[in-house]
Amino acid sequence: MDFNGDLSLKVDVHPLVKLLWESGVQYEAKVIESYQRDHSEKSFRAIDPEKPASEALAKETLKAMQDGIDIIYQGVLISGNKLGRPDLLLKTPGSSSLGAHHYYPMDIKLTRIDATWDDGNEKVPIEQFWQIYFYGELLEHVQGKRPEKGYIYKTKSRILPIPLYKAPKNYEWSVNQLENYLQGNAFGAEPTINSNCGLCDWKDSCRSWADEKQDISLVYYVGQAMKLGLNQLGIRSIEDLAAQDPDYLTRKVIELKNQGFFWNAMPADLPAKSVVRAKIHLSKKPVIHNPITFPDAEKEIHYDIEDDPTQDFVYLHGALLIEKGKEPKYYAFFAEHRDEERTITEHLFDFFNQHPDATVYHYSDYEKTTLKRLISKHQLDSTSYERLFGKNGTAIDLYKIVTENTDWPLTSYGVKAICKFLGFQWDASDAGGAASIVWMNEYLSGHTSMKEKILRYNEDDCRATSFLKNELIKMQNHTNDV
Ligand code: SF4
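Residue positions are given per chain, counting from 1 as you read along its sequence in written order. Residue-level local features of this predicted model are given only where pLDDT is at least 70; pairs of side-chain atoms are given and counted only at 80 or more, and the full residue set underlies all totals for whole chains, interfaces and linings. Note that water and hydrogens are dropped before the side-chain values are worked out from all heavy atoms of the structure.

So, the sheet that holds strand 8 (residues 158-163)
- The strand order across the open sheet formed by six strands is 1-2-5-6-7-8, and the pairing between neighbours is mixed. Both outer strands of the open sheet, strand 1 (44-46) and strand 8, are each paired with one neighbouring strand and no more. Looking at each pair of strands side by side, their axes are set apart by 30° on average, direction ignored.
- Whether two strands pair depends on DSSP finding at least two bridges between them. Strands here are runs of E lasting at least two residues and helices are runs of H or I lasting at least four, both read from the DSSP assignment and numbered beginning at the N terminus. Alignment of strand 6 (residues 99-108) against strand 7 (residues 149-155), held across three bridges, turns out to be parallel. Within strand 7, the residue paired with Ile108 across the bridge is Tyr153.
- Should any heavy atoms of two residues lie within 4.5 Å, those residues are counted as being in contact. The axes used here are C-alpha line fits, helices contributing only the stretch in contact, and every angle between their N-to-C directions lies in the interval 0 to 180 degrees. Strand contacts of helix 2 (residues 55-66): strand 1, strand 2 (71-73), strand 5 (88-96) and strand 6, with the helix running at about 125° to strand 6, the strand carrying the most contacts.
- On the sheet, helix 3 (residues 126-143) packs against strand 5, strand 6, strand 7 and strand 8 and is oriented at approximately 160° with respect to strand 6.

Next comes the structure, spelled out in structure tokens:
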């Protein structure tokens, strides 16, 4: 987009993105310091990290490689019109055009705490595989030998190998797309509206484009792979999708899957569901597919968490207690410092225990998985967690109810998108999980007024969950009436 887009349509970089850049730079500096300390017997050369990549720095890098420097930091690799700058180039035995040694790449990535699958394997975004593989290709050109592996450094104990002999999924396709795009041919590189757009500088531009074209990526769950596959069938707009016969589309999708389109684990009923969602999108009216009921409890707790996953820090558990016949009351368990995470979580469990008869509501799996992680991190008693969020836990995940029983004329089924659609308003116009993380970082650096904003936003989130539950009941009653 930066090459071919209209730069006047770019919006300011989101403050959270800036924060992540800063954290990334700080993390990289820390890792390099400790890496040098741990390998103090090895030679080290930095290739002017402050300067932008250039031919001159590529020459300096080659010189360092020819000199046999053990660790090269921020080296520049150039091959034709391709340029890469791995954080580290590490020397290893094995002949190459440099002599009896060659280099392999390692990139340092700031670890997100949710970066592990339930089975313990690391989640590595496909772009990171592509990046390391790309460095492997550049190295093959520069040193006449492709290293067997490159690495992603997350932490000292989590250095992940990336094989460099087999191209990762969709790599060639992506490189071709990029080359086309850099030559001004944007065909096939059009926007796909997705969950990352909210933090992207091009969000307004891409959203206007998608709205104007009524692009299929505006339909819930139509991501990049789905869009590419549907485009193969000539389906580009929401109207095109809504006009499909669901059975015919399902058969066509299976045929295309055999040719490598879509993805292996794609649910078999997704094409038919997407046709329904496209129709709902055009009608602008949400639909309840199955009856929804909630327990008739005297007390309800609507619970929402605020955390900064890049810092592994949960700073707020918010809970709205609603008792029949009383005004709802908001409770905030807020960490004034990073070391209060354990205490606020204990207080939250105490609060749950004080209201054993309350039905607890939350939106999405995030609260559940985060609490589970906190229990293990701080060695907390899990009785209260098991009662509410365990296998037979009584807490109700409204997101599950929404996705299993309803459809909306919306791109996202997040609580904000749905509640805003239904008329709920957040107090702060810039409210959002990303904004809350930025506010918390400002609070920790001395801006005490931010605390009120954080609490207000979280209270609104809890109220939104309660609002949504009541709206679902109203919609259900209306459905029963007709
Ligand atoms: S589609 Fe989304 S993520 Fe991609 S450039 Fe546009 S706004 Fe950014």
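Following the structure, the description resumes.
A short note on the pairing of strand 5
- Strand direction decides the pairing type here: strand 2 and strand 5, joined by three bridges, are antiparallel. Bridge pairing in strand 5 places Tyr73 opposite Leu88.
- Here strand 5 runs beside strand 6; their pairing, made up of seven bridges, is antiparallel. The residue bridging Leu88 from the neighbouring strand is Met106, located in strand 6.

Digging into the pattern of salt bridges
- One side-chain nitrogen of Lys or Arg within 4 Å of one carboxyl oxygen of Asp or Glu is enough to make a salt bridge. For the structure shown, the criterion picks out 33 salt bridges.
- Here Lys400 and Glu404 are joined by a salt bridge, their closest N and O atoms 3.4 Å apart. Pair noted here: Lys400 and Glu404 are both in helix 13 (residues 398-405), with a separation of four residues, about one helical turn.
- Each residue is placed in one exposure class: buried if its accessible area under a 1.4 Å probe, protein chains only, is under 20% of its type's maximum, exposed if it is over 50%, and partly exposed if it falls in between. Overall, the relative accessible area of 46% leaves Lys400 in the partly exposed class.

What about the domain arrangement of the protein chain?
- By the assigned domains, the protein chain splits into domain 1 (7-163), domain 2 (191-284) and domain 3 (299-481).
- In this structure, domain 1 and domain 3 have C-alpha centres spaced 38 Å apart.
- Residue-level contacts link 10 residues of domain 1 with 10 residues of domain 3.
- Defined here as a combined quantity, buried area equals the accessible surface (1.4 Å probe) lost by two parts on assembly, summed across both. Between domain 1 and domain 3 the total buried area reaches about 850 Å² when both faces are included, carbon and sulfur atoms providing 76% of it.
- Any N or O atom pair separated by 3.5 Å or less is treated as a polar contact, with the protein-specific requirement of one donor-capable and one acceptor-capable atom, and with residues adjacent in sequence counted only for side-chain atom pairs. Counting across the domain 1 and domain 3 interface gives zero residue pairs in polar contact (both at pLDDT 80 or more).
- Think of it as three bins: nonpolar holds Ala, Val, Leu, Ile, Met, Phe, Trp, Tyr, Cys and Pro, charged holds Asp, Glu, Lys and Arg, and polar takes everything else, Gly as well. Among the residues forming the side of domain 1 that touches domain 3, the class breakdown is six nonpolar, three polar and one charged. Just so you know, the domain bounds were taken from an automatic or database domain assignment.

Digging into helix 15 (residues 433-444)
- Here a helix's expected span is defined as the number of its residues, less one, multiplied by 1.5 Å. Its 12 residues place the ends of helix 15 17 Å apart at the C-alpha level, agreeing with the 16 Å of an ideal helix rising 1.5 Å per residue.
- Inspection of helix 15 places Ala434, Ala435, Ser436, Ile437, Val438, Trp439, Met440, Asn441 and Tyr443 among the buried residues, and these make up the whole buried set.
- Once helix 15 ends, the next one or two residues include Gly446, with phi positive near 110°.

Side note on the side chain of Asp460
- Relative to the helices and strands, Asp460 is located in helix 16 (residues 450-481).
- Polar side-chain contacts of Asp460 include one of 2.7 Å to the backbone nitrogen of Asp427.

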